[in-house]
Amino acid sequence: MSMDRRQFLKITGVSTILGIGAVAGVNGLSRSPVEASQVEPSPDALKAKRWGFVIDMSKFRTDDDFTRVRHACHSIHNVPDIDNPKVEIKWIWKDTYEHTFPGQESKYMAEEMKDKPFMVLCNHCDNPPCVRVCPTKATFKRSDGIVMMDMHRCIGCRFCMAACPFGARSFNFGDPRPFIKEPNPEFPTRTKGVVEKCTFCYERLAKGLNPACVDASQGGIVFGDLEDPKSEVRRLISKHYTIRRKLELGTEPSVYYIIGGNENA
Amino acid sequence: MYDSGKIITGLLVFVAIVSFPFVYSRGTNIVKPEPKIDTPVIQQMAVKQCVQPRAFMRAEHMQLLNDWRDSVVRDGNRVYVGFGGKQYNMSLQNTCMHCHSNKKEFCDSCHNFMSVKPYCWDCHIAPKENKS
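What counts, and at which threshold
Residues numbered from 1 in each chain as written. Chains lettered and ligands numbered in written order. Predicted model: local features only at pLDDT ≥ 70, side-chain atom pairs only at ≥ 80, totals over all residues. Contact = placed C-beta atoms within 7 Å. Nonpolar A, V, L, I, M, F, W, Y, C, P; charged D, E, K, R; others polar. Pairing = 2+ DSSP bridges. Helix = DSSP H or I, 4+ residues; strand = E, 2+ residues; numbered from the N terminus. pLDDT = per-residue confidence, 0-100. Core = buried A, V, L, I, M, F, W, Y, C linked by C-beta atoms within 7 Å. Buried ≥ 20, exposed ≤ 12 C-beta atoms within 10 Å, placed from the backbone.

**Some words on the interface of chain A and chain B**
Consideration 1: With 20 residues of chain A in contact, the opposing surface of chain B contributes 21 residues.
Consideration 2: Taken together, the residues of the side of chain A that touches chain B sort by class into 9 nonpolar, 6 polar and 5 charged.
Consideration 3: Across 2 bridges, the pairing between strand β1 (residues 39-40) of chain A and strand β1 (residues 79-81) of chain B is antiparallel. Its bridge partner being in β1 of chain B, Glu40 of chain A is matched across the sheet by Val79 of chain B.

Structure (structure tokens):
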């Protein structure tokens, strides 16, 4: 069959239109059942431009102050209690001065400061290296500054653990469930092969509640919006001398420490 | 046709193997799973209505749960406006399983029948059921 140029163009034109029409038709049939208009943010949620913590170390005097906060966080979030430091899971824990603020220890500094344990957790950095290295975007920064984990996406590559300069991330080398004594039925556990960390209690903020550590700390941990000049955290930061962890790395942590020995706040 | 004996025998064997599952299961009485919804919470509801109509939930619940997950975890939007404008907290553990507290008779009955193994319960905590 011979065909002239005009006929050829006609046939290609018609078949292109038919093809596009078929694709559009199929897409129209298999539309997502949830429309964007069907979801809304919770009305009671606490909102901020950038969430942050101020930790007043003068309120952490006894061992009980640390364990109370740690227990509050870990029991609510079904964090397994594994004794082996090689595979332990921790969202909030205590560490020494030299580990918390390496390079800032001076030779003749006060013994009480040098030996003092510090409450440490995920810094929810403004420039989070863990987010940058995650190959699946399982960890991401929310618009309110919280560095979040999407456990559904985590493939357990542990790049984020290598990237985090604060050791804030823990890996589930095994099934965590046998190590959870009393699971909180309102919060999921994690599974073998995912990385986990502090999530700034995003699920409590959505209900209008304070983060669990803030409630348990009896004033030792204050949270608020770092970008709101009138917020409690900004007031504390402007009133007291505060330090942050490993500033030289440029991750811009959102956790500030008041380390003065006096009664603050 | 060359080697017709071998080819035809081969074809017969192939057809026999492929049709074996169908022939084998013929006559066995296959009971269709009937997911039960007679939990205490559902019994007390005046109008027994899920977040969307029944037919939609049957066909699309997996897609709906996927969208709920993305909305809650990634966008932080937790309220779902369901059938008839009613609002729900998007949560598998706290909303779905609050009513459907009979996971074994509800979720598992169909999933086992269809041999699908969703990994929801690796992390999400299933409701406590009376072992009867």
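From this point, things continue past the structure.
**Section: the confidence of the model for chain B**
Consideration 1: Looking at chain B as a whole, its pLDDT mean stands at 90, while 98% of the residues score no less than 70.
Consideration 2: Interface predicted TM-score (ipTM) for the complex: 0.80; the corresponding pTM is 0.81.

**Description of the sheet that holds strand β2 (residues 51-56) of chain A**
Sheets are built from strands paired through backbone hydrogen bonds, the pairs being either parallel or antiparallel.
Residues and elements named next belong to chain A.
Consideration 1: Read from one edge of the open sheet, 4 strands run β9-β2-β11-β10, paired in mixed fashion. On the outer flanks of this sheet lie β9 (221-225) and β10 (242-243), each paired with one strand and no other.
Consideration 2: Alignment of β10 against strand β11 (residues 255-258), held across 2 bridges, turns out to be antiparallel. Within β11, the position partnered with Ile243 by the bridge is Tyr257.

**A word on the nonpolar core**
Consideration 1: By size, the foremost hydrophobic cluster in this structure holds 50 residues, and its most contacted members are Ile55, Ile92, Leu121 and Cys213 of chain A.
Consideration 2: Those elements that place two or more of their residues in this core are β2, α2 (63-76), β4 (118-121), β6 (147-149), α7 (202-205), α8 (212-216), β9 and β11 of chain A.
Consideration 3: When residues no more than four places from it in sequence are discounted, the contact partners of Leu121 of chain A are Trp91, Ile92, Ala168, Cys198 and Val255 of chain A.
Consideration 4: Of all hydrophobic cores here, the second largest spans 6 residues; its members include Val51, Trp68, Val72 and Met90 of chain B.

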